[in-house]
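Here are the chains, one letter per residue:
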Amino acid sequence: MLKKKILKALNEQINAEMYSSYLYLSMESYFQSVSLGGFAAWMRAQVQEELMHAMKFYDFVNERGGRVTLNAINKPERDWESPLAAFQHILRHEQLVTSLINDLVDLAAREKDHATGIFLQWFVTEQVEEEATVGEIVNRLELIGNDSSGLFFLDAELGKRVFNASQAEA
Ligand code: FEO
């Protein structure tokens, strides 16, 4: 059985993951609007990944006998001034999500909820990977600057990303 405080925090994290998915869906639409199909495809995989994160929390709450409460999802931004600005936004957002996960880990430890602590370890590792991946794309976009051929090359590369549902089991 989940303690009230933990249940509330897990429900808030479901909302945060749903918001991430919503934000990245908005970015997918932005990239489609500027004809960067590869970036848009990368974002679609990111949207699915965030939904998978939300569902992992959802399933965990149910497994522990808690009741999921879904709250309103904030409206995401609609436009970015450049692909670099969008990816800088993603990096800031993922850093925020990392701090939310760390706060949850701290709460689970304070409340001596070891099962939640172990469950969260997957997300601790996932956030390291997310920040590293996005940070690398930010660096590459900074190097590319106004070079459109570099941008199209990166677009083609990012377009190869596909969402791997089996990640959810890892
Ligand atoms: Fe669910 Fe991108 O963290």
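1. Considering the overall build of the protein
Turning to step 1, where the next piece is worked out: Each helix and strand counted, the protein has five helices and zero strands in total.
Turning to step 2, where the next piece is worked out: Put simply, the protein runs from its N terminus to its C terminus through helices and strands in the order α-α-α-α-α.
Turning to step 3, where the next piece is worked out: Relative to a compact globule of 170 residues, whose C-alpha radius of gyration would be 15 Å, the protein shows 17 Å and is just as compact.
Turning to step 4, where the next piece is worked out: Each of the three principal axes of the protein carries a C-alpha extent, and together these read 55 × 25 × 25 Å.
Turning to step 5, where the next piece is worked out: Here the protein holds 170 residues, and 48% of them are scored as buried.
Turning to step 6, where the next piece is worked out: When contacts within the protein are restricted to residue pairs at least 6 apart in sequence, those whose partners lie at least 24 apart make up 82%.
Turning to step 7, where the next piece is worked out: Accessible surface, the protein: about 9300 Å² in total, of which carbon and sulfur atoms supply 55%.
Turning to step 8, where the next piece is worked out: Taking the average location of the 16 positive side-chain charges in the protein and that of its 25 negative ones, the two points are 9 Å from each other.

2. Quick look at helix 5 (residues 148-158)
Turning to step 1, where the next piece is worked out: For helix 5, the full list of buried residues reads Gly150, Leu151, Leu154, Asp155 and Leu158. Viewed end-on, helix 5 has its buried residues packed into an arc of 140°, placing them on one side of the element. Opposite the buried face of helix 5, by more than 90 degrees, sit the exposed residues Ser149, Phe152 and Phe153.
Turning to step 2, where the next piece is worked out: On its buried face, helix 5 sits against helix 2 (37-63), helix 3 (83-110) and helix 4 (114-144).

3. Some thoughts on the nonpolar core
Turning to step 1, where the next piece is worked out: In this structure, Met27, Phe31, Phe39, Trp42, Met43, Phe87 and Ile90 are the most contacted members of the largest nonpolar core, which totals 25 residues.
Turning to step 2, where the next piece is worked out: Of all elements in the fold, only helix 1 (4-33), helix 2, helix 3, helix 4 and helix 5 reach the threshold of two or more residues within this core.
Turning to step 3, where the next piece is worked out: Of the residues forming this core, the biggest block, six residues, is contributed by helix 1.
Turning to step 4, where the next piece is worked out: Ignoring sequence-local partners within four residues, the contact set of Met27 consists of Met43, Trp80, Ala86, His89 and Ile90.
Turning to step 5, where the next piece is worked out: With 20 residues, the next largest nonpolar core counts Ile6, Phe60, Val61 and Leu104 among its residues.

4. Quick look at the packing of helix 2 against helix 5
Turning to step 1, where the next piece is worked out: Running from N to C, helix 2 and helix 5 point in directions that differ by 35°, and their axes come no closer than 7 Å. Helix 5 is crossed by helix 2, and the crossing has left-handed handedness. Facing Gly37, Gly38, Phe39 and Trp42 of helix 2, the residues of helix 5 in contact are Leu151, Leu154, Asp155 and Leu158.
Turning to step 2, where the next piece is worked out: A class-by-class count of the residues in the contact of helix 2 with helix 5 yields five nonpolar, two polar and one charged.

5. What about the packing of aromatic side chains?
Turning to step 1, where the next piece is worked out: If you walk through the whole model with that rule in mind, you get 11 aromatic pairs.
Turning to step 2, where the next piece is worked out: Ring centres 4.3 Å apart and planes at 35° place the aromatic pair Phe57 and Phe123 in the tilted group. With Phe57 in helix 2 and Phe123 in helix 4, this residue pair connects regions lying 66 residues apart in the sequence. There is no split in this pair, since Phe57 and Phe123 are both buried.

6. Things to note about unusual backbone geometry
Turning to step 1, where the next piece is worked out: Despite not being glycine, Ser35 shows a phi value in the positive range, around 60°.
Turning to step 2, where the next piece is worked out: Examined against the element boundaries, Ser35 turns out to sit in the loop between helix 1 and helix 2.
Turning to step 3, where the next piece is worked out: Located in the positive-phi region is Lys112, a residue other than glycine, with phi close to 55°.
Turning to step 4, where the next piece is worked out: Position of Lys112 relative to the elements: it lies in the loop between helix 3 and helix 4.

7. Brief notes about the pattern of salt bridges
Turning to step 1, where the next piece is worked out: Applying the stated criterion across every chain, the model contains eight salt bridges.
Turning to step 2, where the next piece is worked out: Between Arg140 and Glu157 there is a salt bridge; the shortest N-O distance is 2.8 Å. Highlighted residues: Arg140 in helix 4 and Glu157 in helix 5, separated in sequence by 17 residues.
Turning to step 3, where the next piece is worked out: On the basis of relative accessibility, which here comes to 33%, the residue Glu157 falls in the partly exposed class.

Rules used throughout
- Residues numbered from 1 in each chain as written.
- Predicted model: local features only at pLDDT ≥ 70, side-chain atom pairs only at ≥ 80, totals over all residues.
- Heavy atoms only, no water.
- Helix = DSSP H or I, 4+ residues; strand = E, 2+ residues; numbered from the N terminus.
- Rg over C-alpha atoms; globule rule 2.2 N^0.38 Å.
- Buried < 20%, exposed > 50% of the residue type's maximum accessible area, 1.4 Å probe, protein only.
- Contact = heavy atoms within 4.5 Å.
- Areas by Shrake-Rupley, 256 points an atom, 1.4 Å probe, with all protein chains shown as cover.
- Lys, Arg positive; Asp, Glu negative; His and termini not counted.
- Charge placed at Lys NZ, Arg CZ, Asp CG, Glu CD.
- Arc of directions from axis to C-beta.
- Core = buried A, V, L, I, M, F, W, Y, C linked by side-chain atoms within 4.5 Å.
- Axes fitted to C-alpha atoms, helices over the stretch in contact; angles between N-to-C directions.
- Left-handed = near helix turned anticlockwise from the far one by under 90°.
- Nonpolar A, V, L, I, M, F, W, Y, C, P; charged D, E, K, R; others polar.
- Phe/Tyr/Trp six-rings, centres within 6.5 Å; stacked < 30°, edge-to-face > 60°.
- Salt bridge = Lys/Arg side-chain N within 4 Å of Asp/Glu carboxyl O.

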